[in-house]
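Structure assessment
Here is what each chain is made of, one letter per residue.
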Amino acid sequence: MRQHLGRLTVLATAAAVSIVAAPGAAHADITTAQPATSTAVAVITADPGANEWAGTTAQDAYATAMARAEAYPDELSMPYLADGVLYSTVTAAASTTVSSLAGNSITVYTSTQPPSTAGDGAEAIEPVDDPYAEVKPPNVESDPNSGDDTLLRSAGRALATPQVVGGTSLYPTKKTVKYSLNALIGPRDEVLALTDLPDSGALRTAFVDAETNRVVVKAAAVTQPLREALATRYGADRIALWLVPGFPTLSGKATRQSDTSPFYGGAYFSTSVGSCSTAFAWTHQGASYILTAGHCTSLNGSAYNPTTGKMGTVTADNWNNTTGSVRVYGQSYYAGDVSTIKMGTNLFSWGNVYRGGSNSSSSRKVTSKWTTLSGLGDQYCVSGQVTGEMCGFRVINRLVNVRYSDGAMLRNATEAYRYGNCTRGGDSGAPIYTIKSDGSVAAKGVLSGGSTNTSGNCYDYFSEIYLAEKSLPGIIKLAY
């Protein structure tokens, strides 16, 4: 069974004061923060995203600023939010036209409906006389939720049909930086895959810290040879090591239980790779599919269900079961860890996700979807076939690369944290969503991996629905 919900056990970051020799290690560990030198990258011990600020219109404007950077990746760099201010970063190589574009106003519209009402930290329990519990429809000969790909692509952050009540013009603050977006994305996508770095086995994740205009690599241990090797390869100011002592290895989670057609998200299924969870109903050119994690499947392979037998065939997959995330269909970007299963003859998917415990038969309707990347501080729920519905996860980082314990690399994922019970093996592929005021949900992501502990400090990594729809043929199928 492939374990691809790599559970991250968050260990307390103890403040150390010296360089000590690790038992059996070839090099001494560095245990304190260190500034960059001409020959070695910096070591940090504090969260580099602590100054970022989310929760207002500035967070929505970030998506537009990021789109500008992606359009001119050799002239602009990654934008960021700090203390309520949106910064657009510009390199010295930017043309006058592009530099001006970076500072242009962004109009942000406000919706009367919030994208999330998920409780903070609340464990899911089986509802009693739950007014939002859905009665599963009987098997059908035709798919009532089918539709072409031109539908449901509404404007707005998380809602399919937001009611716009007003717009605000926001002007980004321009900041000149050394490294362009491409100059940072390249090292981010390469560094975890390098096998010739000294002591590289301690490296865990990599992401761009836009405020410092560098790549930050999270590591369980740091040595001087590692610092120097990174500086030699990339330059001492383009990468920093974020030391989190004892940070464990990560893995995916592959292993409610007897779903039938039309299939819901959050249910058990299996492939030649292992057993996982379904995510969301999906449609392409009128046909019925279901979305899940790519590491749970093999392209052109079969997917099975305990009650149905063969439920369908994998038709799209952006995950290589040896190396991890791959670019598909000629795209220039990675989109995490997702795949689609096309339903077999007279089998269909439905726009609902299971709620409650691992043996629950109740569900929620999926009535909208997120149409931008997650914002820092976003809260959400996840509903896997092993652990059931759990809420209170909070987004702490975006566009993160993760190296799992088997060497596979998850790219452009979103990192989240909560304290309590953690997701487990077999929850991979589970739907991630925010709960709306009427009890229905907005599709947000697909669970990939996380920390391996079962309770305490829980870290999860998921693929964004926004990127899944950009990268794979088809779209989320909603229930109305």
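For the second largest cavity, the calculated volume is near 40 Å³. Lining of the second largest cavity is provided by Ala-65, Arg-68, Ala-69, Leu-76, Ser-77, Pro-79, Ser-88, Thr-89 and Ala-102. Sort the elements by how many residues they give to the lining of the second largest cavity and helix α1 (residues 57–71) lands first, with three residues. Its residues assigned to classes, the lining of the second largest cavity shows five nonpolar, three polar and one charged.

A few words on the environment of Ser-405. Its location among the elements puts Ser-405 in the loop between β28 (388–403) and β29 (409–421). With near-sequence residues (within four places) excluded, Ser-405 lies in contact with Thr-249, Leu-250 and Ser-251.

For the structure on display, the rule yields eight salt bridges. Taking the shortest distance from any N to any O, the salt bridge between Asp-189 and Arg-188 comes out at 2.8 Å. The two residues Asp-189 and Arg-188 agree in class, both being buried. For the salt bridge of Glu-415 with Lys-218, the shortest nitrogen-to-oxygen distance reads 3.2 Å. Glu-415 gets classed as buried once you look at its relative accessible area, which sits at 2%. Through salt bridges that share partners, Arg-188, Asp-189 and Arg-411 make up one connected network.

Bringing helix α4 (residues 224–234) into the picture now. If you check which residues of α4 are buried, you get Leu-226, Arg-227, Leu-230, Ala-231 and Tyr-234. Looking down the long axis of α4, one finds its buried residues gathered within 135° of arc, a one-sided arrangement. Summarising the contacts, the buried residues of α4 are in contact with β3 (28–30), β4 (42–44), α3 (181–191), β10 (203–209), β12 (222–223) and β13 (239–243). Two residues or fewer after α4 comes Gly-235, characterised by a positive phi angle close to 100°.

This part takes up the packing of aromatic side chains. The tally for this structure, following the rule as stated, stands at seven aromatic pairs. An angle of 50° between the planes, with centres 5.1 Å apart, marks the rings of Tyr-264 and Tyr-354 as tilted. Of this pair, Tyr-264 sits in strand β15 (residues 263–265) while Tyr-354 sits in strand β25 (residues 349–354), placing them 90 residues apart in sequence. An identical accessibility class is assigned to Tyr-264 and Tyr-354; each is buried. Taken together, Tyr-380, Phe-393 and Phe-462 form an aromatic cluster joined through their ring pairs. Lying across the ring of Tyr-62, Arg-398 places its NZ or CZ 4.4 Å from the centre. If you follow Lys-444 out to its NZ or CZ, it ends over the ring of Trp-370, 3.3 Å from the centre.

Procedures and definitions
Residues numbered from 1 in each chain as written. Predicted model: local features only at pLDDT ≥ 70, side-chain atom pairs only at ≥ 80, totals over all residues. Heavy atoms only, no water. 1 Å grid on protein atoms, 1.4 Å probe; cavity = no way out; pocket = protein on both sides within 12 Å on 5 of 7 lines; lining within 4 Å. Points joined across faces, edges and corners; volume = space filled by probe spheres on them. Helix = DSSP H or I, 4+ residues; strand = E, 2+ residues; numbered from the N terminus. Nonpolar A, V, L, I, M, F, W, Y, C, P; charged D, E, K, R; others polar. Contact = heavy atoms within 4.5 Å. Salt bridge = Lys/Arg side-chain N within 4 Å of Asp/Glu carboxyl O. Buried < 20%, exposed > 50% of the residue type's maximum accessible area, 1.4 Å probe, protein only. Arc of directions from axis to C-beta. Phe/Tyr/Trp six-rings, centres within 6.5 Å; stacked < 30°, edge-to-face > 60°. Lys NZ or Arg CZ within 6 Å of the ring centre and 35° of its normal.

Honestly, it's all geometry; don't read function into it.
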